[in-house]
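Topology and contacts: notes
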Amino acid sequence: VQLQASGGGLVQAGGSLRLSCTASGSIFEINTMGWYRQAPGKQRELVARITSRGSTNYADSVKVRFTISRDNARNTVHLQMNSLKAEDTAVYYCNADLVSLQTSSRSYWGQGTLVTVSS
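Let me sum up the structure you'll find in this document. (Residues numbered from 1 in each chain as written. Predicted model: local features only at pLDDT ≥ 70, side-chain atom pairs only at ≥ 80, totals over all residues. Heavy atoms only, no water.)

Right, let's talk about the environment of Lys85 for a bit. Mapped onto the elements, Lys85 comes out in the loop between strand 8 (76-81) and strand 9 (90-100). Along the chain, Lys85 and Gly15 lie 70 residues apart, while their C-alpha atoms are 8.3 Å from each other. If near-sequence neighbours (up to four positions away) are discounted, Lys85 is found in contact with Arg65 and Val117. (Helix = DSSP H or I, 4+ residues; strand = E, 2+ residues; numbered from the N terminus. Contact = heavy atoms within 4.5 Å.)

Listed below in structure tokens is the structure:
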């Protein structure tokens, strides 16, 4: 199983970016998908996550500005980030809790994509 993330980059404060992450491999079922981030010198933190039924939760710092969505048919999760701030600068990691054909439910991580917001 692999998670491939894309969409990071450099953007000015107030701008927008859209991150995408696709899970591939011997997947039987994907439960929760989400995005975490880690800024320099800080711990990794939850940004947003979404269940297979579409229930979402967000970090307080991104509520209203970020929107998470998923395409179950394509095993893909998106993160639309609007009104970006300098403090959103971090490496963003995709995460999925899934059942593969070889293992029971476990958590998988993507490789991380860098988001840099210039002020």
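Moving on: the pattern of salt bridges. If you walk through the whole model with that rule in mind, you get 5 salt bridges. A salt bridge links Arg37 to Asp88, with the nearest nitrogen and oxygen atoms 2.9 Å apart. Separated by 51 residues along the polypeptide, Arg37 in strand 4 (residues 27-38) and Asp88 in the loop between strand 8 and strand 9 bring together distant segments of the chain. The exposure class of Asp88 is buried, given its relative accessible area of 0%. Across the pair Arg65 and Asp88 runs a salt bridge, and its minimum N-O distance is 2.7 Å. Within this pair, whereas Arg65 is found in the loop between strand 6 (56-58) and strand 7 (66-71), its partner Asp88 is found in the loop between strand 8 and strand 9, the two being separated by 23 residues in sequence. Here the salt bridges do not stand alone but share partners, grouping Arg37, Glu45, Arg65 and Asp88 into one network. (Salt bridge = Lys/Arg side-chain N within 4 Å of Asp/Glu carboxyl O. Buried < 20%, exposed > 50% of the residue type's maximum accessible area, 1.4 Å probe, protein only.)

Tallied over the entire structure, the rule returns 1 aromatic pair. On the basis of an interplanar angle of 65° and a centroid distance of 5.0 Å, the ring pair of Tyr36 and Trp109 is categorised as edge-to-face. Of the two residues, Tyr36 sits in strand 4 while Trp109 sits in strand 10 (residues 106-109), which places them 73 residues apart along the sequence. Residue classification places Trp109 among the partly exposed positions, given a relative accessible area of 39%. Above the ring of Trp109, the side-chain terminus of Arg44 is found at 4.6 Å from the ring centroid. (Phe/Tyr/Trp six-rings, centres within 6.5 Å; stacked < 30°, edge-to-face > 60°. Lys NZ or Arg CZ within 6 Å of the ring centre and 35° of its normal.)

Looking now at the nonpolar core. Core analysis: the biggest nonpolar cluster contains 31 residues, and Trp35, Val47, Phe66, Val77, Leu79, Met81 and Tyr92 have the highest contact counts within it. Among the secondary structure elements, those contributing two or more residues to this core are strand 1 (2-6), strand 3 (17-24), strand 4, strand 5 (45-50), strand 7, strand 8, strand 9 and strand 11 (113-118). Take this core: its biggest share by element is 5 residues, from strand 9. Look past the residues within four positions of Met81 in its chain and what remains in contact with it is Gly15, Ser16, Leu17, Leu19, Arg65, Phe66, Tyr92 and Val115. (Core = buried A, V, L, I, M, F, W, Y, C linked by side-chain atoms within 4.5 Å.)

Of note in the backbone geometry, Val64 takes a positive phi value of approximately 80° without being a glycine. Although it is not a glycine, Ser83 adopts a positive phi angle of roughly 50°. Mapped onto the secondary structure, Ser83 falls in the loop between strand 8 and strand 9. Residue Ser83 is classed as partly exposed on the basis of its relative accessible area, which comes to 41%.

The next subject is the side chain of Ser20. Along the chain, Ser20 falls in strand 3. Polar contacts involving the side chain of Ser20 include one to the side chain of His78, which spans 2.8 Å. Beyond its immediate chain neighbours, meaning those up to four positions away, Ser20 contacts Gln4, Ala5, Ser6, Trp35, Val77 and His78. (Polar contact = N/O pair within 3.5 Å; in protein donor to acceptor, adjacent residues only side chain to side chain.)

As far as function goes, none of this settles anything; it's purely spatial.
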